[in-house]
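# Structure assessment
One-letter residues, chain by chain:
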Amino acid sequence: MIIHLVDKLTHIVALDLSDSFYPVPQDAIGVGSTFEGWCPRAEDAVYRVLVPLSPPPGHTFQLELDTAEMPQRTFRVRVELLCTCRREQLGQDVLCFLHQPEEGLRRKQEPSLLHTLCTGSYLDVEKTAHWFCCSVRAAWLLLPQSCHWGFKLQPSSRSCKFQLSKEQEIFRAEVIFGVRRGDSDIFVGSQPTEAGVASTTWLETCAVAEAKFLGHISRQAPQDSWHCKCLQLLSRSLPGVGFSSYTLKTVLMHLLSTGPLTRWRRRDFPQRLMEVLKFLYCSLESKRLHHFVIGNQSFPLEISLPSDLRLAPPPNLFEHLASHLDAHLKAVQEFNALL
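Report on the accompanying structure. Just so we're clear, the structure is a prediction, and the values are computed from it rather than from any experiment.

### A closer look at the packing of helix 1 (residues 2-16) against helix 5 (residues 125-140)
Axis separation between helix 1 and helix 5 bottoms out at 9 Å; the angle between their running directions is 100°. Looking at the two axes, helix 1 sits roughly perpendicular to helix 5. Contact residues: helix 1 offers Leu5, Leu9, Thr10, Ile12 and Val13, while helix 5 offers Trp131, Phe132, Ser135, Val136, Ala139 and Trp140. The residue makeup of the contact of helix 1 with helix 5, split by class, is nine nonpolar, two polar and no charged.

Okay, here's the thing in structure tokens:
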């Protein structure tokens with residue numbers, strides 16, 4: 001329902017922008033625990049979707065690596081103008097931003113993306129989020145659902161968060177924006193990050209590739225496979241414990257890729273639960289937990305990765321434990337609490 005709704009909203013937004021030069025939203029992609037089947041608590045569910053953005057006519061997006069630190073590299077999205085003189089000659093209603101006089105452009109055509117959602121030459125996350133939220137608020141009124149559901153935007157500087165409500169039902173959703181790396185399943189995204197990050201900073205994300213991997217596993221696993229329930233149960237035990245659900249998800253993905261999926265049937269649930277905890281404990285002891293996507297030579301080939309990610313040395317998600325003794329001791333205590 002959320003995917004369908006976001007697609008309807010972005011379709012209306014795209015139609016409304018057909019004569020302007022804003023980013024073009026593509027079909028929404030569900031990411032995170034709610035779409036992967038292991039959301040810890042239904043009452044806390046946030047349906048996160050990634051909406052890819054394509055450049056408008058006469059523009060192109062160029063990704064520039066900002067920091068090379070793995071696994072969370074950051075990029076900037078440089079917006080460059082393309083010559084559209086050929087399209088003018090063919091009678092298409094697009095004047096060339098590069099070769100038309102500026103006065104004529106102002107009189108006959110909407111401003112370029114560089115003059116609306118960019119800071120300098122770079123696509124601005126916060127301006128993009130504000131533009132999208134305003135567009136969605138207007139688009140919502142054109143949908144038949146608006147007669148039956150309450151729609152409320154929630155504060156967010158780098159994404160579009162909203163809440164749907166009808167009687168006792170409440171759904172929370174968050175739309176993040178992404179620019180695809182080539183034709184791969186890796187994006188640079190607008191997902192919220194720590195304070196102080198520049199508004200032109202986009203974070204590399206493997207969320208789509210990970211969601212596709214878990215979907216790939218679910219299609220191959222037995223119908224009574226409990227691998228998602230295993231992750232769900234462990235994640236429900238995390239409040240008050242320092243481990244993130246992403247750490248547990250990484251452990252589970254490693255285990256799913258190294259043995260027959262028939263081992264994850266319902267009757268094997270206690271053994272698999274202990275196997276996850278044992279893997280996590282061994283990772284703590286060695287202070288090493290490899291990122292599952294980056295540098296994984298055995299990652300399914302049908303899920304497209306940029307060659308630099310597939311061939312990169314796998315980042316260690318526990319690297320901070322190797323250099324900080326206190327952090328390692330605390331992590332061991334937190335593991336005992338989880339156990």
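And the narrative resumes.
### Points about the nonpolar core
Core analysis: the largest hydrophobic core is formed by 43 residues, its most contacted members being Phe213, Phe243, Trp264, Val276, Leu280 and Phe299. Mapped by element, the contributors of at least two residues to this core are helix 6 (207-220), helix 7 (227-236), helix 8 (245-256), helix 9 (269-286) and helix 12 (325-338). There are two domains that each give this core at least three residues, and those are domain 1 (1-206) and domain 2 (221-337). In contact with Leu280, not counting residues within four places along its chain, are Phe243, Thr247, Leu248, Val251, Phe318, Phe335 and Leu338.

### Some remarks on the environment of His4
In this fold, His4 is placed in helix 1. Along the primary structure His4 and Val94 are separated by 90 residues, whereas in three dimensions their C-alpha atoms are 31 Å apart.

### What about helix 9?
Helix length check: helix 9 (18 residues) gives 26 Å between terminal C-alpha atoms against 26 Å at 1.5 Å per residue, within 8%. Along helix 9, the positions that sit buried rather than exposed are Phe269, Arg272, Leu273, Val276, Leu277, Leu280, Ser283 and Leu284. Projection of helix 9 onto a plane perpendicular to its axis shows the buried side chains occupying an angular sector of 140°, all on one side. Close packing links the buried residues of helix 9 with helix 7, helix 8, helix 11 (319-323) and helix 12. Following helix 9 by one or two positions, Lys287 adopts a phi angle in the positive range, close to 55°.

### Some remarks on the packing of helix 6 against helix 8
With their axes 12 Å apart at the nearest point, helix 6 and helix 8 run at an angle of 45° to one another. Relative to helix 8, the element helix 6 is oriented oblique. In this structure, helix 6 meets helix 8 at a crossing whose hand is left-handed. Contacts between helix 6 and helix 8 involve Glu210, Phe213, Leu214 and Ile217 on the former and, on the latter, Tyr246, Lys249, Met253 and Leu256.

### Regarding the pattern of salt bridges
This model, assessed by the stated rule, comprises 13 salt bridges. The residue Glu204 makes a salt bridge to Arg73 at a minimum N-O spacing of 3.1 Å. With Glu204 in strand 12 (residues 202-205) and Arg73 in the loop between strand 4 (59-67) and strand 5 (74-81), this pair connects stretches of sequence that are 131 residues apart. Of the two residues examined, Glu204 and Arg73, each falls in the buried class. Arg272 is the partner of Glu275 in a salt bridge, and the nearest nitrogen-oxygen pair spans 2.7 Å. Of this pair, Glu275 and Arg272 are both found in helix 9, three residues apart, which corresponds to roughly one turn of the helix.

Rules used throughout
Within any chain, residue numbers begin from 1 and follow the written order of that chain's sequence. With pLDDT at 70 or above as the cut-off, local features in this predicted model cover only qualifying residues; side-chain atom pairs require 80 or more to be listed or tallied, and sums for whole chains, interfaces and linings still use all residues. Each side-chain value is derived from all of the structure's non-hydrogen atoms; neither hydrogens nor water enter the calculation. Angles shown run from 0 to 180 degrees and are taken between the N-to-C directions of axes, each axis being a line fitted to C-alpha atoms and, for helices, limited to the stretch in contact. Here a helix means four or more residues in a row that DSSP labels H or I, a strand means two or more in a row labelled E, and each is numbered from the N terminus. Geometric relationships in this document are graded by angle, where less than 35 degrees denotes roughly parallel, more than 145 denotes roughly antiparallel, 65 to 115 denotes roughly perpendicular, and other angles denote oblique. Working rule for contacts: check all heavy atoms of both residues, and any pair within 4.5 Å makes them a contact. Ten residues, namely Ala, Val, Leu, Ile, Met, Phe, Trp, Tyr, Cys and Pro, are considered nonpolar, four, namely Asp, Glu, Lys and Arg, are considered charged, and the remaining ones, Gly among them, are considered polar. Put simply, buried Ala, Val, Leu, Ile, Met, Phe, Trp, Tyr and Cys residues joined by side-chain atoms within 4.5 Å make one nonpolar core. Each residue's exposure class comes from its accessible area (1.4 Å probe, protein chains only) as a fraction of the maximum for that residue type: buried when under 20%, exposed when over 50%, partly exposed otherwise. An automatic or database domain assignment supplies the start and end points of every domain. Expected helix span is computed as 1.5 Å times (number of residues minus one). This arc is built from the directions going out from the helix axis to the C-beta atoms. Crossing handedness is read from the near helix: turned anticlockwise from the far helix by less than a right angle, it gives a left-handed crossing, and turned clockwise, a right-handed one. The term salt bridge refers to a pairing of a side-chain nitrogen on Lys or Arg with a carboxyl oxygen on Asp or Glu at a separation within 4 Å.

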